[in-house]
Amino acid sequence: MNRFQKFAPFCSRLGAALLFGTLTISAAQAQDPAYPNKPVRIIVPFTAGSATDIIARAVGEGLRKELGNQPVIVENKPGAGGTLGAAQVASSPADGYTLLVHSAGHVANAALYPGLRYDPIKDFKPLAMLASVPNVLVVSPKSNYKDLAALVAKAKAEPGKLLYASAGNGSATHMNAEKFRIAAKIDAVHVPYRGTPEAITDVISGQVSWFFAPITSAIPMIKDHKLQALAVGSPTRATALPDVPTTVEAGFPNSSYDFWIGLFAPAKLPPALAAQISKATATALQSEAVKARYVSLGANYPHVEPAQFEAFVKNESIAATQLIKQAKITQN
């Protein structure tokens, strides 16, 4: 049972009033026939080819069909751990035409950036959980690590010498790596990259030893034997890599991490419009085209209701803050 499943009963109780009072608005009340009458922009605060970008584009295509074939344009605004793109959306009009697709790293940024210009909780309206994406710990096949225990043994034999990559300080890939590093009790050097594609490139070349790569980005290179998968960071095995153990199964308790991706809007988005977009997104996620795309990517759709997702995001913010303090993660 993963964190989404465990959290659902609590979310259901906490969000019952909201679900009954807002998200059960009748179709006549919830639908704005004038929306959308121009293209909808989805801001992804990471580089093209990142897991968040890949999911945003898969869902965006499905969402376009649910919004009367109005264009849904995905724009990459990377930088500062995803805060530049998020700040742009936070200050945008709350009219449904500028949305944000962000990852689990979104809720970590308040603790990571003390001078942040926005509040990840107060300045955004969570609209939909889009995906749960297992991270997979990958190494270069040339490294000759037969399993995760061998990598940990090497790190312990040479403390402070092995380099591990992330898609940026406080990113979901970084948080997963720190959760594992603490559980494995190893000392290694963190190397933050601009994004996932750049980190993967340096793992393949051997510039860094390992990286918790989102499976959506890593799976093609694992299949082509350019990367070797040692373990997945998720609580359960990835369906796309059924023979690869979890880090917990590999012998490291308390090392699992859920990498999720969600859809957000500026906080003042009218409730009826929020319900309309959430409903359209849920329908898109259930489409055969999006389901097939998720299967090819190794991504999962946790089926979390909007009210549950809102409560989940708040809980994740608390957990992320605790991990940042424990791992002593800073923005630099």
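Criteria and cut-off values
Residues numbered from 1 in each chain as written. Predicted model: local features only at pLDDT ≥ 70, side-chain atom pairs only at ≥ 80, totals over all residues. Heavy atoms only, no water. Core = buried A, V, L, I, M, F, W, Y, C linked by side-chain atoms within 4.5 Å. Buried < 20%, exposed > 50% of the residue type's maximum accessible area, 1.4 Å probe, protein only. Contact = heavy atoms within 4.5 Å. Salt bridge = Lys/Arg side-chain N within 4 Å of Asp/Glu carboxyl O. Phe/Tyr/Trp six-rings, centres within 6.5 Å; stacked < 30°, edge-to-face > 60°. Lys NZ or Arg CZ within 6 Å of the ring centre and 35° of its normal. pLDDT = per-residue confidence, 0-100. 1 Å grid on protein atoms, 1.4 Å probe; cavity = no way out; pocket = protein on both sides within 12 Å on 5 of 7 lines; lining within 4 Å. Points joined across faces, edges and corners; volume = space filled by probe spheres on them. Helix = DSSP H or I, 4+ residues; strand = E, 2+ residues; numbered from the N terminus. Nonpolar A, V, L, I, M, F, W, Y, C, P; charged D, E, K, R; others polar. Domains from an automatic or database assignment.

Draft legend 1. Quick look at the nonpolar core. Counting residues in each nonpolar core, the largest one holds 86 residues, and the members touching the most others are Ile55, Leu130, Val138, Leu241, Trp260 and Tyr294. In this structure Ile55 touches Leu130, Ala131, Val133, Thr216, Ile261, Tyr294, Leu297 and Ala299, once residues within four positions along its chain are discounted. Tyr145, Leu148, Trp210 and Phe212 belong to the second largest nonpolar core, which has 19 residues in total.

Draft legend 2. Broad picture of the pattern of salt bridges. Evaluation of the coordinates by the stated rule reveals seven salt bridges. Between Glu158 and Lys154 there is a salt bridge whose closest N-O contact spans 3.0 Å.

Draft legend 3. The arrangement of the packing of aromatic side chains in detail. One pass over the full model with this rule turns up eleven aromatic pairs. Between Tyr118 and Phe124 the ring centres are 5.6 Å apart and the planes differ by 85°, which places this aromatic pair in the edge-to-face class. Grouping residues by exposure puts Tyr118 and Phe124 together as buried. Among the aromatic residues, those joined into a cluster by ring pairs are Tyr118, Phe124, Trp260, Phe264, Phe309 and Phe312. Here Lys38 stacks its cationic end above the ring of Tyr97, 4.7 Å away from the centre of that ring.

Draft legend 4. Expanded view of the confidence of the model for the protein chain. With 90% of its residues at a pLDDT of 70 or more, the protein chain has an overall mean of 91. This model gives residues 9-29 a pLDDT under 50, and the stretch forms 20 contacts once residues within four places in sequence are excluded.

Draft legend 5. Just empty space enclosed by the protein, in detail. Using the criterion set out here, one finds two cavities of 30 Å³ or more in the structure. Here the largest cavity is characterised by a volume of approximately 120 Å³. Together, 14 residues line the largest cavity, and Phe46, Thr52, Ala167, Thr196 and Phe259 are the ones closest to its centre. Going through the elements one at a time, helix H4 (51-66) and helix H8 (172-184) are the ones with two or more residues in the lining of the largest cavity. Counted by class, the lining of the largest cavity contains six nonpolar, eight polar and no charged residues. Both domain 1 (40-133 + 259-327) and domain 2 (135-232) contribute no fewer than three residues apiece to the lining of the largest cavity.

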